[in-house]
Amino acid sequence: MSASIRNLDDLLAEGVSGRRVLVRADLNVPLDKQTGEITDDGRIRAVLPTLGALVQAGAKVVVCSHLGRPKGAPDPQYSLRPVAGRLGELIDAPVHFATDTVGESARATVDALTDGQVALLENLRFNKGETSKDDTERGAFADQLAAFGEAYVDDAFGAVHRKHASVHDVPARLPHVAGRLVLREVEVLSRLTGEPERPYVVVLGGSKVSDKLAVIEALLPKVDRLLIGGGMCFTFLKAQGHEVGTSLLEEEMVETCGNLLSRAEGKILLPVDVVAADAFAPDAAHDTVPADGIPSHRLGLDIGPETVAGFTAALSQAKTVFWNGPMGVFEMPAFANGTRGVAEAITKTDAFTVVGGGDSAAAVRALGLDESSFGHISTGGGASLEYLEGKTLPGIAALEN
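Along every chain, residues carry numbers that run from 1 in the direction the sequence is written. Local features in this predicted model are restricted to residues of pLDDT 70 or higher, and side-chain atom pairs are both shown and tallied only at a pLDDT of 80 or more, whereas totals for entire chains, interfaces and linings draw on every residue. For side-chain calculations, the full set of non-hydrogen atoms in the structure is used, while hydrogens and water are omitted.

Trainee: Is there a simple way to think about the nonpolar core in this case?
Mentor: One broad rule of soluble globular proteins: the nonpolar side chains tend to lie buried together. One finds Leu121, Leu226 and Phe236 to be the most contacted residues of the largest nonpolar core, which totals 67 residues. The leading source of residues in this core is helix 9 (residues 180-193), at five residues. Every residue pair with non-hydrogen atoms within 4.5 Å of one another is taken to be in contact. Apart from residues lying up to four places away in sequence, Leu226 is in contact with Val202, Leu204, Ile216, Leu220, Lys267, Ile268 and Leu269. Among the nonpolar cores identified, the runner-up in size contains 28 residues, and Leu8, Val61, Leu80 and Ala84 belong to it. For this analysis, a nonpolar core means a set of buried residues of the types Ala, Val, Leu, Ile, Met, Phe, Trp, Tyr and Cys, connected via side-chain atoms within 4.5 Å. Partly exposed describes any residue whose relative accessible area lies between the buried limit of under 20% and the exposed limit of over 50%, with all areas from a 1.4 Å probe on protein chains only and scaled to the type maximum. Numbering of helices and strands starts at the N terminus; helices are DSSP runs of H or I of at least 4 residues and strands are runs of E of at least 2.

Trainee: Sorry, what's going on with the pattern of salt bridges here?
Mentor: Salt bridges are counted wherever a side-chain nitrogen of Lys or Arg sits within 4 Å of a carboxyl oxygen of Asp or Glu. All chains considered together, the criterion is met by 18 salt bridges. Two residues, Arg365 and Asp40, come together in a salt bridge whose shortest N-O distance is 2.7 Å. Of the two residues, Arg365 is situated in helix 15 (residues 358-366) and Asp40 in the loop between strand 1 (20-25) and helix 2 (42-46); the sequence distance between them amounts to 325 residues. Taking relative accessible area as the criterion, Arg365 reaches 25% and is therefore assigned partly exposed. Accessibility expressed as a relative area gives 13% for Asp40, which makes it buried. Linking Glu389 and Lys391 is a salt bridge whose minimum nitrogen-to-oxygen distance equals 3.5 Å.

Trainee: Quick question: what am I supposed to make of the sheet that holds strand 3 (residues 95-97) here?
Mentor: Within a beta sheet, neighbouring strands are joined by backbone hydrogen bonds and run either parallel or antiparallel to one another. Strands qualify as paired when DSSP identifies two bridges or more between them. Spatially, 3-4-2-1-5-6 is the arrangement adopted by the six strands of the open sheet, whose pairing is parallel. Both outer strands of the open sheet, strand 3 and strand 6 (176-178), are each paired with one neighbouring strand and no more. On average, adjacent strands in this sheet sit at an angle of 25 degrees to one another, irrespective of strand direction. Bridge count for strand 5 (residues 151-155) against strand 6 is three bridges, and the pairing is parallel. The residue of strand 6 that forms the bridge with Asp154 is Ala178. For helices, the fitted line uses only the C-alpha atoms of the stretch in contact; every axis is such a line through C-alpha atoms, and the angle between N-to-C directions lies from 0 to 180 degrees. Docked against the sheet, helix 4 (residues 81-91) engages strand 3 and strand 4 (118-120), running at close to 165 degrees with respect to strand 3. Contacts from helix 9 reach strand 5 and strand 6 within the one sheet, and its direction differs from that of strand 5 by about 45 degrees.

Trainee: Would you explain the sheet that holds strand 8 (residues 225-228) in this entry?
Mentor: Sheet architecture is open: six strands sit in the order 9-8-7-13-14-15, paired in parallel fashion. This sheet does not close on itself; its edge strands, each paired only once, are strand 9 (268-269) and strand 15 (376-377). Bridge count for strand 8 against strand 9 is two bridges, and the pairing is parallel. Its bridge partner lying in strand 9, Leu227 is registered against Leu269. Contacting strand 7 (200-204), strand 13 (320-324), strand 14 (352-355) and strand 15, helix 9 runs over the sheet at an angle of about 120 degrees to strand 14.

Trainee: Would you explain the environment of Val223 in this entry?
Mentor: With respect to the element layout, Val223 can be found in the loop between helix 10 (209-219) and strand 8. On the basis of relative accessibility, which here comes to 1%, the residue Val223 falls in the buried class. For the pair formed by Val223 and Ser316, sequence separation is 93 residues and the distance between their alpha carbons is 15 Å. Excluding its chain neighbours within four sequence positions, the residues that come into contact with Val223 are Arg198, Tyr200, Val202 and Lys267.

Trainee: Explain unusual backbone geometry to me, please; I cannot follow it from the model alone.
Mentor: Of note, the bond from Arg198 into Pro199 is cis; its omega dihedral lies within 30 degrees of zero at 5 degrees. Structurally, Pro199 is set in the loop between helix 9 and strand 7. One non-glycine residue with positive phi stands out, namely Asp92, at about 55 degrees. Within the secondary structure, Asp92 sits in the loop between helix 4 and strand 3.

Trainee: Quick question: what am I supposed to make of the side chain of Asn127 here?
Mentor: Tracing the backbone through its elements, the reader meets Asn127 in the loop between strand 4 and helix 6 (128-131). At 3.0 Å, the side chain of Asn127 and the side chain of Thr101 are in polar contact. Those residues in contact with Asn127, other than ones at most four positions away along the chain, are Gly72, Thr101, Val102 and Phe141. Contacts described as polar in this section are N or O atom pairs within 3.5 Å, which, within protein, must combine one atom able to donate a hydrogen with one able to accept it, while residues neighboring in sequence count only if both atoms come from side chains.

Given below as structure tokens:
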């Protein structure tokens, strides 16, 4: 991180007792569609070091976040109310919840805070100004948000790649610092973009090549091995001339994948076997087939055991590992073995290991793996990929100004 960015310790050294501190957190947690309950509280726990330090120092802490993708208006299914409840349990203190973002409830809730108390504003994306591409509209919303703080802390690494009001515009209106989480994320990812210890092995999964193309292009010259699984592998297999049945395929990316393979000089490792099923369903009939022999009526939903063994062998030599994207449909137990096998192989290396957020982090928790056995689990899937691509992240740039 740039030396020009101040961090939370700088703010604490100035004294925050009795001062209102606006914290942009990433509390975009998954909710069960039936019950509305939080299914993974990892992102809430990730911001606790920053919130705890501010509470301990006597700040009046005003937390703001988005959740899901509401369309710029209140939508009950995306309310942060369940998050306020869980956050209160984790900090062992009440979290005062505002039922709007910058309206009457928010003003009253913030005004009523005493030293060391925490408030959570309702979903930022219930306001059009948060995500607006119009600078004036976004700025007007940022003015309202900034009025709730005397200082600003960005601890939402999962949102720093967005040019949104709470991430990009509020820092221009308040003294601003990076929170503990953002600082740690940038320090870790800088190790991957600088001079990583070799061999440097990257594991990429997930559904679409198009989502990962830019990071593949950026990483290919830098890595020693690039292991590709998940739904995206089938477009690469098609580029090699193999039948992929009804597997996920981006036809328009086949030629691009062929070009990547020809330029990769053997660095790219693809599956040699896959778990092919009759349908995309948890109870679908399935078996393991060679990657170059997928029946025309079947679709691949996971990498097979031979591939796991090959990936494990490549990982065992690594000194630096970055993993982003599951190897299969890990949410269905029948198709979770590939992701589990690769994740376990990563934990057994002597390497510096980084899990690149998003579905990979969710898989670690869903499969019951020990989080502490990974060097770092990022909270920002898209943000971590864009950082590795070398892009300027609006939230980080705003903290530098």
